Amino acid sequence: MRDLSYGLLGLALIAFTTADAVAWFMLIVALNPLGDTLIVLKHGGTKATAFGIHFATAVVVLLDAALLFEL
């Protein structure tokens, strides 16, 4: 549910605000998959799951934010 609500809010920002606002939003939202990475590692999850899913998601979101700041 968290990911869905962030996704819908992101789409609303894209539709109704500036690229800078969307970039800041994405920068903040990237904290969630980074936190999820740590949670998976702390609670016995595999490194493949932690880095292959959660950390990779954070990297993509941060890359998207960086590209939006350049616009």
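Since the structure is predicted, the reported quantities are computational estimates derived from the model, not experimental observations. (Residues numbered from 1 in each chain as written. Predicted model: local features only at pLDDT ≥ 70, side-chain atom pairs only at ≥ 80, totals over all residues. Heavy atoms only, no water.)

A. Representation of the overall build of the protein chain. A count of helices and strands for the protein chain gives four helices and zero strands. Beginning at the N terminus, the succession of helices and strands in the protein chain can be written as α-α-α-α. Once the C-alpha set of the protein chain is aligned to its principal axes, its extents read approximately 40 × 25 × 15 Å. Within the span of the protein chain, comprising 71 residues, buried residues form 27% of the whole. A sequence separation of at least 24 residues applies to 53% of the contacts in the protein chain between residues at least 6 apart. A total accessible area of about 5000 Å² is found for the protein chain, and carbon and sulfur atoms account for 75% of it. (Helix = DSSP H or I, 4+ residues; strand = E, 2+ residues; numbered from the N terminus. Buried < 20%, exposed > 50% of the residue type's maximum accessible area, 1.4 Å probe, protein only. Contact = heavy atoms within 4.5 Å. Areas by Shrake-Rupley, 256 points an atom, 1.4 Å probe, with all protein chains shown as cover.)

B. Representation of the environment of D64 within the structure. Along the polypeptide, D64 turns up in helix 4 (residues 47–70). Taking C-alpha positions, D64 is 7.5 Å from A23, a pair spaced 41 residues apart along the chain.

C. Region of the structure containing the packing of aromatic side chains. For the structure shown, the criterion picks out three aromatic pairs. Centre to centre, the rings of F51 and F55 are 5.8 Å apart; their planes meet at 70°, and the pair counts as edge-to-face. Of this pair, F51 and F55 both sit in helix 4, separated by four residues, roughly a single helical turn. (Phe/Tyr/Trp six-rings, centres within 6.5 Å; stacked < 30°, edge-to-face > 60°.)

D. Highlighting a nonpolar patch on the surface. Residues W24, L27, I28, L31, L62 and F69 make up a contiguous nonpolar surface patch of about 580 Å² in total accessible area. When contributions to the nonpolar patch are tallied by element, the ones reaching two or more residues are helix 2 (19–29) and helix 4. (Patch = residues over 30% accessible without salt bridge, like charges linked within 9 Å, V, L, I, M, F, W, Y side chains within 5 Å. Salt bridge = Lys/Arg side-chain N within 4 Å of Asp/Glu carboxyl O.)

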